[in-house]
Amino acid sequence: MIRFENVQKWYGAYHALVDIDETVAKGEVVVVCGPSGSGKSTLIRTLNRLEPIQGGRILIDGHDVHGRNVKLNGLRAQIGFVFQQFNLFPHLTALQNCTLAPVELGRSKPAEAREQALALLDRVGLAAKANAYPAELSGGQQQRVAIARALAQAPRLMLFDEPTSALDPEMVGEVLLVMRDLARDGMTMMCVTHEMGFARDVADRVLFMDAGRVLERATPAEFFGRAQHPRAKQFLSDIRTPFVNVAAA
């Protein structure tokens, strides 16, 4: 579904993405991990053109997403993106946050969008909070609304950029459980996260990045049990927090 072909990205003189050649299959869950500043978030932000690239190609279902004739709104409507910060509209209820884009972009009639949004809020465990405003929700609840909002566009692909990093520890699990359920339903996902328990229990593959390069690509069992690259081994040895075990939930 996704193909990175020799992708290059610079910020001025800084080479942020170096010779990226990767593929992601339809229905695959790929976790991208690595130290801060390694290029993880930059990598997934190139998929919906939140970041431009200066070399190579990125293909989604065979289409060059950085091509000149790409309709940006149409591209982004097919790619759900969940950010570190929840980015909900504070003056809209949870339900309204989820219906806004489908209605405004003409993908759904208001009644249809409302029905779909209610179903999605129920899916993330927040049907009872449909009429609540973001300020009335906890951080974990806001992030689950953000996931429901992204799903309201019926995306082919979901991108998560450290979706739990702004949450208090007790709220992390509820968001990871929603992400796990999406993975079980066959959603194609790329997730930048420091939650190594999620990577171990849910991912099909792990990409380890440092200094703009993918240094290791492996199954979770291989990565956590038999990492090959010295930098990956050091990264794993530096992890001090316990795994969040979403598989047992």
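Up top is the structure these notes are about.
Residues numbered from 1 in each chain as written. Predicted model: local features only at pLDDT ≥ 70, side-chain atom pairs only at ≥ 80, totals over all residues. Heavy atoms only, no water.

A.B. asks: Would you mind showing me how to read the environment of Tyr 11 here?
C.D. replies: Within the element layout of this structure, Tyr 11 appears in strand 1 (residues 2-11). Exposure remark for Tyr 11: the relative accessible area of 37% places this residue in the partly exposed category. Spatially, the C-alpha atoms of Tyr 11 and Leu 126 are 40 Å apart, while their sequence positions differ by 115 residues. With near-sequence residues (within four places) excluded, Tyr 11 lies in contact with Ala 16, Thr 42 and Glu 51. Of the polar contacts made by the side chain of Tyr 11, one reaches the side chain of Thr 42; its length is 3.3 Å. At 3.1 Å, the side chain of Tyr 11 and the side chain of Glu 51 are in polar contact. (Helix = DSSP H or I, 4+ residues; strand = E, 2+ residues; numbered from the N terminus. Buried < 20%, exposed > 50% of the residue type's maximum accessible area, 1.4 Å probe, protein only. Contact = heavy atoms within 4.5 Å. Polar contact = N/O pair within 3.5 Å; in protein donor to acceptor, adjacent residues only side chain to side chain.)

A.B. asks: Hey, could you run me through the sheet that holds strand 6 (residues 79-82) in this one?
C.D. replies: The strands making up a sheet are joined through hydrogen bonds of the backbone, oriented either antiparallel or parallel. Strand order in the open sheet formed by six strands is 6-7-8-3-9-10, with mixed pairing between adjacent strands. Looking along the sheet, the strands with just one partner apiece sit at the ends: strand 6 and strand 10 (213-218). Each strand of the sheet is rotated relative to its neighbour by a mean of 15°, with strand direction disregarded. Bridge analysis of strand 6 against strand 7 (residues 157-161) gives four bridges, and the strand direction is parallel. The residue bridging Val 82 from the neighbouring strand is Phe 160, located in strand 7. Across the face of the sheet, helix 5 (residues 139-151) comes into contact with strand 6 and strand 7 while running at roughly 170° to strand 6. Here helix 6 (residues 169-184) sits on the sheet in contact with strand 3 (29-33), strand 7 and strand 8 (188-192), set at roughly 150° to strand 8. (Pairing = 2+ DSSP bridges. Axes fitted to C-alpha atoms, helices over the stretch in contact; angles between N-to-C directions.)

A.B. asks: Just checking my understanding: could you explain the pairing of strand 8 for this structure?
C.D. replies: Look at any regular strand and the pattern is simple: side chains alternate between the two faces of the sheet. Extensive coverage of strand 8 is indicated by the burial of five of its five residues. Pairing geometry for strand 3 and strand 8, over four bridges, is parallel. By the bridge assignment, Val 30 is partnered in strand 8 with Met 190. Alignment of strand 7 against strand 8, held across five bridges, turns out to be parallel. Within strand 8, the residue paired with Leu 157 across the bridge is Thr 188. Handedness of the β-α-β unit built from strand 7, helix 6 and strand 8 comes out right-handed. (Right-handed = clockwise from strand over helix to strand, strands pointing away.)

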